Amino acid sequence: MKKTTAVIIGGGATGVGILRDLSMRGVAAVLLEQRDLAYGASSRFHGLLHSGGRYAVKDAEAARECAEENAVLRKIGRHCVESTTGYFVRLPEDDPAYEAKWVVACQAAGIPVEPVDLARAHRLEPHFSERAAAVYEVPDAAIDGFRLCRQNVLSAKRYGGKMMNYTEVTSIEQQNGQVTAVKTRNTLTGELGSIECDIVVNAAGSWVGQVAGLAGIKINVIPDRGTLIAFNHRFTDRIMNRLRPPANADIFVPHGSVTLLGTTSSPTERPDDFTPTTEEVLALIDEGKELFDELPRYRLLRAYTGTRPLYCADPTAATREISRNFVILDHAKEGLDGLISIVGGKLTTYRLMAEKISDAICGKLSVQAPCRTAEEALVDDIAPELMQQAKKFFPTAGVELAASRLGPDLAETVQRIQANPAKKELVCECELVTLAEVETVAHDDTTFTMSDIRRRTRMGMGTCQGTYCGLRGLGMMVDNDLARGMTTENLLREFLETRWNGIRPILWGQQMREVELTRGIYGAGLNMDGAVPDETE
Amino acid sequence: MKKHHYNPDSCIACTSCVAYCPVSAATRKFAGPKMMGPALERFRGGETNTDFSLDYCANCKNCDISCPSGVPISTLNMLARAKQYKNKRRSLLDWMMSHSDLMSKLASPIAALSNFGMANPLTKMILKQVGITDKMSLPKYASKTFLQQFRAFKQQSFPDKVVFFSGCFINYYAPEVGMDLVAVMQRNKREVIVPEGLDCCGSPLVGKGYLDEAVEKARTNIAALKHWFEQGIPVLTCCTSCGLMLKMEIQEMMDLELMEQLAAYTYDASEYLLELHAQGKLSTEFAPVAGCYIYHTPCHLRAQGIGKPSLELLSMIPGFQIEDADAGCCGQSGTYGFEVAKHDIAMAVAEPVLKRIREFQPDFIVSDCSGCRLQLSQGTGFPALHPLTLLRRAYEGK
Ligand SMILES: Cc1cc2nc3c(=O)[nH]c(=O)nc-3n(C[C@H](O)[C@H](O)[C@H](O)COP(=O)(O)OP(=O)(O)OC[C@H]3O[C@@H](n4cnc5c(N)ncnc54)[C@H](O)[C@@H]3O)c2cc1C
């Protein structure tokens, strides 16, 4: 049986942040994720590194935390963050009194806020509504959740931290009121296992209630659905926020090659209620078009849904409120020592949350080492010589993209191309992903499915949504003998199914034609839907 | 919304454009129209690296023609090229290939000398250093430009007028084609007007990324033409690249006042004559014309989306036999085939049509585009004519 000090459940931003923090402080830790890193809210989110502006009026403390963490993440997470800045735009129908209140609240929370001349704002951002009545600039930025999670794990690994994906915790063992071990099941192979430990950290996001339930403890959370839509283009280079009390569909985030609009909000039963609906999409466009008049004409790529845990403090449980933003629940107070849960928060504040809970854990373990996560960069910068070398092989814009996606793995990718220049061919033309990059990622021992490759390379996330790279990627997996027990058909199905989940609710216009092409290739060309009986059977 | 302004968002990545791109078929140096157009367009927000692949697009427009979603792929390429080279030092070759109008202004008054100078071995060597291939002969300056010949020519006056936009090639190198147009119009009781102050259409500038200069030319041309098209007088071209510029490319790449009106009144000369025919106004008093002919459709004519009007017109000549080559792009694309770096690509692109013509053994090749005529004639050894020249011969019974 394996043994460690702390088992962390959940490979979202919070979990990986804790893994990194504990590892840096010298606490042996293993993170277990039931699917892949960022399977939950940490990728199904808006991609906004909050300046705090959104919370300034309603929750000064959350706003201040965001402002501080924003500055920290720009520093330590340079390769996950695109420092875009953001605008808050008040339209004539939005309350001017709120504007005044907001400016004061931002200043009080330490958020740098600058009024922007309207003409200048329109020159820099030509597509937002001419009707705008006031514009302010704040240090909002875009952040990539996949990359953030991965790079936290890479950092933790350097300090001995371990991560196992596709490993679901199925029970939490205890003896005499003390956590002793977790039992696990591999969700790809069904293989069972267990890990002995002293501490279990429940960082399961919307699943936090289920996980606590494994130890017979009740946490009152209701998952809340939020749907977002991705447009095919960047039509804004800055985050665009509506300057009004936070509501639906009032933030646009330019993210790599696309623009994200969200979000909606509705309670649900299941933490993995990830299927967006057409109604949600239409509602988003309807509200969003107030800020971008031409919005209904922009090409939609897909929709996606994430869930946030809405926490309602259980009067019987003793809670220690760190902030209204997130809570840490030490279940020793309910008679189970060693189990500690964290609920709520934002991706922007993940590091701070990890710091607070790691403080609590270190307190239990009498570890003195201080938190250093705010000082050290997640991954090293790429050497300029390597960038120079890489520029010879990648298409325009491709080097920077690949470098930010791959981080330390860029070197291996460049080596692959040097060894065989044919590997600079693009597997994914929409997102400029070379065969060498896909191979590098595919060979990593935490990569199993084609969606794993997608999350780390963006293969399949562009205009054609997997139509071409699906086939090419599959060819690569088979060529390199990386199918690892999955049939080629299942590899492809899993990949395409995740793409279609986001396309089904937006089947009109160009995306309808796009998907017909995909269906033609996979359905008719490859008979994936089995319309024609298999003659070999 | 502008008629010819399309959203690159419409690309469904179907890759038809790649299948139809003659350059992609000939070389791996070009990443292909889909990649260089709509795909990379999504990443062209901020500063981008210089991408040499971008130079290989010949702007032949076969991608635009084949696109089922109406994406102006080649235009996205040209705009990207302009952005890439804005404020950058350019090679002498790029400058020469895009400013032939200026060079012609200097060289054409001393045509005989210039032609001699261009043809002599020393000049050829120097040109090769600059990057111009010695495998092709450059066109020869005419001793008198079209404009000089036209001004000296006494037309019969008619109430119906047409404006003629000759473009640089016809003016400096092929004035006889312009004079053929004048003769054909006179036959059809039309008086030809060539307004003062016309400039190069800008097509070579666009092709080399000098977009700002092309915009200035377009502005100048609109200013010179508007007096006429605002009265409803049609503007005729018989160079298919000039025609494409006035009809479509200005709208796709620029934002100028009156550009839609100019486009609405611009006709390819053969297209215009066919319209006259539809109205029963075309003189069809054609005498038979002897000989064996093969017709090549220029890509920039196909991009205009008006069919093959010249072929239809010529078929009205009694007993006239003309074969439609229908064998793709000739590879020349204006000045593309003149460049050392591109010449072999141009020849590879041309091979099917050259082979077709060689096998057909015509007396004459017929094509509306001067670049195509030059390429096909040099590539096969058969002489080439503009369709209007043949039409004139049919009218005059020669
Ligand atoms: C629609 C939406 C938009 C948002 N936008 C923003 C934004 O723009 N900016 C921002 O800062 N924040 C945003 N947030 C909030 C942010 O996404 C979350 O706060 C953050 O991602 C939570 O991370 P987490 O690690 O706590 O949870 P998650 O990322 O959900 O991770 C929990 C993980 O636990 C795993 N897990 C569950 N059960 C088990 C088990 N039994 N065994 C093993 N693993 C298990 C899950 O698979 C999952 O990967 C948004 C949230 C939503 C829903």
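Remember, it's a predicted structure, so these values are computed and weren't measured experimentally. (Residues numbered from 1 in each chain as written. Chains lettered and ligands numbered in written order. Predicted model: local features only at pLDDT ≥ 70, side-chain atom pairs only at ≥ 80, totals over all residues. Heavy atoms only, no water.)

*Asks:* Describe the overall build of chain B, with residues and values.
*Replies:* Helix and strand counts for chain B come out as 22 helices and 8 strands. Taking 2.2 N^0.38 as the reference for a compact globule, 398 residues should give roughly 21 Å; the C-alpha atoms of chain B span a radius of gyration of 20 Å, in line with that estimate. Judged by the C-alpha coordinates and their principal axes, chain B covers about 60 × 50 × 40 Å. By the burial criterion, 60% of the 398 residues in chain B qualify as buried. (Helix = DSSP H or I, 4+ residues; strand = E, 2+ residues; numbered from the N terminus. Rg over C-alpha atoms; globule rule 2.2 N^0.38 Å. Buried < 20%, exposed > 50% of the residue type's maximum accessible area, 1.4 Å probe, protein only.)

*Asks:* Which residues make up the sheet that holds strand E1 (residues 2-3) of chain A, and what values go with them?
*Replies:* All names here are of chain A. Read across the open sheet, the 4 strands follow the order E1-E13-E12-E11; overall the sheet is mixed. The open sheet has two edge strands, E1 and strand E11 (167-175), and neither has a second partner. In terms of strand pairing, E1 meets strand E13 (residues 192-196) through 2 bridges, oriented parallel. Looking at E13, one finds that Lys-2 is bridged to Ile-195. (Pairing = 2+ DSSP bridges.)

*Asks:* Could you give me a rundown of the interface of chain A and chain B, with the residues and numbers involved?
*Replies:* Contacts between chain A and chain B engage 28 residues on the former and 23 residues on the latter. Summed over both sides, the interface of chain A with chain B buries roughly 2,100 Å², with 52% coming from carbon and sulfur. Considering only the surface of chain A that becomes buried against chain B, A:His233, A:Thr396 and A:Glu429 emerge as the three largest contributors, covering 27% of it. Joining chain A to chain B, the criterion identifies 3 salt bridges. The salt bridge partner of A:Glu425 is B:Arg28, with a shortest N-O separation of 3.1 Å. (Contact = heavy atoms within 4.5 Å. Buried area = accessible area lost by both parts, 1.4 Å probe. Salt bridge = Lys/Arg side-chain N within 4 Å of Asp/Glu carboxyl O.)

*Asks:* Tell me what's going on with the confidence of the model for chain A, and back it up with residues and numbers.
*Replies:* Taken over all residues, the pLDDT of chain A has a mean of 94, while the share at 70 or more is 97%. In this model, residues 317-323 of chain A is a region of pLDDT below 50 whose contacts with residues beyond four sequence positions or in other chains number 12 contacts. (pLDDT = per-residue confidence, 0-100.)

*Asks:* Summarise the pairing of strand E16 (residues 239-242) of chain A; cite the residues concerned and give the values.
*Replies:* Residue and element names in this part refer to chain A. Residues Ile-239 and Asn-241 point to one face of E16 and Met-240 and Arg-242 to the other, with burial holding for every one of them. Bridging between strand E6 (residues 86-90) and E16 involves 4 bridges; their strand directions are parallel. In the strand pairing of E16, Gly-86 is matched with Ile-239. Two strands pair when backbone bridges link them, and E16 and strand E17 (residues 251-255) are joined in this way by 2 bridges, in the antiparallel orientation. Counterpart to Met-240 in the pairing with E17 is Phe-252.

*Asks:* Give me the lowdown on the environment of A:Ser341, citing residues and values where you can.
*Replies:* Residue and element names in this part refer to chain A. Checked against the element boundaries, Ser-341 lands in strand E23 (residues 339-344). Overall, the relative accessible area of 0% leaves Ser-341 in the buried class. A C-alpha to C-alpha distance of 9.8 Å links Ser-341 and Ile-8, two positions 333 residues apart in sequence. When near neighbours in sequence (up to four residues on either side) are disregarded, Ser-341 contacts Asn-202, Val-208, Ile-219, Val-327, Ile-328, Leu-329, His-331 and Ile-357. Only 3.1 Å separates the side chain of Ser-341 from the side chain of Asn-202, close enough to count as a polar contact. Separated by 2.6 Å, the side chains of Ser-341 and His-331 make a polar contact. (Polar contact = N/O pair within 3.5 Å; in protein donor to acceptor, adjacent residues only side chain to side chain.)

*Asks:* An account of the sheet that holds strand E5 (residues 293-295) of chain B is requested, with residue identities and associated values reported.
*Replies:* All names here are of chain B. Strand order across the open sheet formed by 4 strands is E6-E5-E7-E8, with parallel pairing between neighbours. Two strands lie at the open edges of the sheet, namely strand E6 (322-324) and strand E8 (384-385), each paired on one side alone. For strand E7 (residues 364-366) and E8, the ladder comprises 2 bridges, and the chain directions are parallel. Paired with Val-366 across the strands is Leu-385, a residue of E8.

*Asks:* Account for the domain arrangement of chain B, with residues named and values stated.
*Replies:* Residue and element names in this part refer to chain B. Looking at the assigned domains, one finds that chain B contains domain 1 (8-86) and domain 2 (293-396). On a C-alpha basis, the centroid separation for the pair domain 1 and domain 2 is 26 Å. Of the residues lining the interface, 13 residues belong to domain 1; the matching set on domain 2 comes to 12 residues. In total, domain 1 and domain 2 occlude about 980 Å² of area from one another, counting both sides; carbon and sulfur atoms represent 67% of this. Along the contact surface separating domain 1 from domain 2 lie 4 residue pairs in polar contact (both at pLDDT 80 or more). Within the residue set of the side of domain 1 that touches domain 2, elements represented by two or more residues are helix H2 (22-26) and helix H4 (62-66). (Domains from an automatic or database assignment.)

*Asks:* Let's hear about the pattern of salt bridges: which residues, and what values?
*Replies:* In total, this model carries 70 salt bridges over all chains according to the counting rule given. Residue B:Glu396 pairs with B:Arg392 through a salt bridge whose shortest N-O separation is 3.0 Å. In this pair, B:Glu396 and B:Arg392 both sit in helix H22 (residues 387-396), 4 residues apart, roughly one turn of the helix. In the salt-bridge network here, residues are joined through shared partners; they are A:Glu93, A:Asp94, A:Arg131, A:Arg242 and A:Glu290.

*Asks:* Break down the confidence of the model for chain B for me, with residues and values.
*Replies:* Residues and elements named next belong to chain B. Looking at chain B, pLDDT values average 93 and 97% of them are 70 or higher. Considering only residues more than four positions removed or in separate chains, one finds that residues 1-5, a stretch of pLDDT under 50, has 11 contacts. Here the predicted complex carries an ipTM of 0.86, next to a pTM of 0.91.

*Asks:* For the nonpolar core, give the residues involved together with the corresponding values.
*Replies:* Among the nonpolar cores identified, the biggest contains 52 residues, and B:Val23, B:Val235, B:Ile250, B:Met254, B:Leu256 and B:Leu262 are the most heavily contacted of them. For this core, the secondary-structure elements that each account for two or more residues are helix H3 (33-41), helix H5 (73-85), helix H13 (203-207), helix H14 (211-229), helix H15 (240-253), helix H16 (259-265) and helix H20 (340-360) of chain B. It is H14(B) that contributes the most residues to this core, 7 residues altogether. Leave out the neighbours within four places in its chain, and B:Ile250 touches B:Ala218, B:Met245, B:Leu256, B:Met259 and B:Leu262. In terms of nonpolar packing, the next biggest core, distinct from the first, is built from 49 residues, A:Ile453, A:Leu482, A:Leu492 and A:Val515 among them. (Core = buried A, V, L, I, M, F, W, Y, C linked by side-chain atoms within 4.5 Å.)

*Asks:* Describe the site of the ligand, with residues and values.
*Replies:* Residues and elements named next belong to chain A. In the neighbourhood of the ligand, 37 residues make up the surrounding shell, with Thr-14, Glu-33, Ser-42, Leu-48 and Thr-348 lying closest. At 3.1 Å from an oxygen atom of the ligand is found a main-chain nitrogen or oxygen belonging to Ala-13. Here Gly-40 contributes a backbone N or O atom positioned 3.4 Å from an oxygen atom of the ligand. Taken by itself the ligand offers 1,000 Å² of open surface, and the protein chains cover 94% of this. (Near = heavy atom within 4 Å. Areas by Shrake-Rupley, 256 points an atom, 1.4 Å probe, with all protein chains shown as cover.)

*Asks:* Go over the domain arrangement of chain A, please, and point to the residues and values.
*Replies:* Residue and element names in this part refer to chain A. Domain assignment breaks chain A into domain 1 (2-40 + 146-220 + 324-365), domain 2 (82-141 + 224-311) and domain 3 (384-525). Relative to domain 3, the C-alpha centre of domain 1 lies at a distance of 30 Å. Counting residues at the interface gives 11 residues for domain 1 and 13 residues for domain 3. Between domain 1 and domain 3 the total buried area reaches about 1,200 Å² when both faces are included, carbon and sulfur atoms providing 53% of it. On the domain 1 side of the contact with domain 3, Phe-146, Arg-147 and Arg-150 bury the most area, a combined 45% of that side's loss. At the boundary of domain 1 and domain 3, one finds 6 residue pairs in polar contact (both at pLDDT 80 or more). When grouped by side-chain class, the residues that make up the side of domain 1 that touches domain 3 number 6 nonpolar, 2 polar and 3 charged. (Nonpolar A, V, L, I, M, F, W, Y, C, P; charged D, E, K, R; others polar.)

*Asks:* Account for the pairing of strand E2 (residues 6-9) of chain A, with residues named and values stated.
*Replies:* Looking down a regular strand, the side chains alternate between one sheet face and the other. Residues and elements named next belong to chain A. Side chains Ala-6 and Ile-8 of E2 all project onto a buried face; the interleaved residues Val-7 and Ile-9 project onto the opposite face, where all are buried too. Examined bridge by bridge, E2 and strand E3 (residues 29-32) share 4 bridges and lie parallel to one another. Within the sheet, the bridge partner assigned to Ile-9 lies in E3 and is Leu-32. As for the winding sense of the linkage, the β-α-β connection from E2 through helix H1 (residues 13-24) to E3 is right-handed. Both E2 and strand E14 (residues 199-202) contribute to a ladder of 4 bridges, which runs parallel. Note on E14: the bridge partner recorded for Ile-9 is Asn-202. (Right-handed = clockwise from strand over helix to strand, strands pointing away.)

*Asks:* Any chance you could break down a nonpolar patch on the surface for me, citing the residues and the numbers?
*Replies:* Together, B:Leu92, B:Trp95 and B:Leu102 line one region of the surface with nonpolar side chains, adding up to about 270 Å² of accessible area. Looking at where B:Leu102 falls in the secondary structure, it is placed in helix H7 (residues 100-107). (Patch = residues over 30% accessible without salt bridge, like charges linked within 9 Å, V, L, I, M, F, W, Y side chains within 5 Å.)

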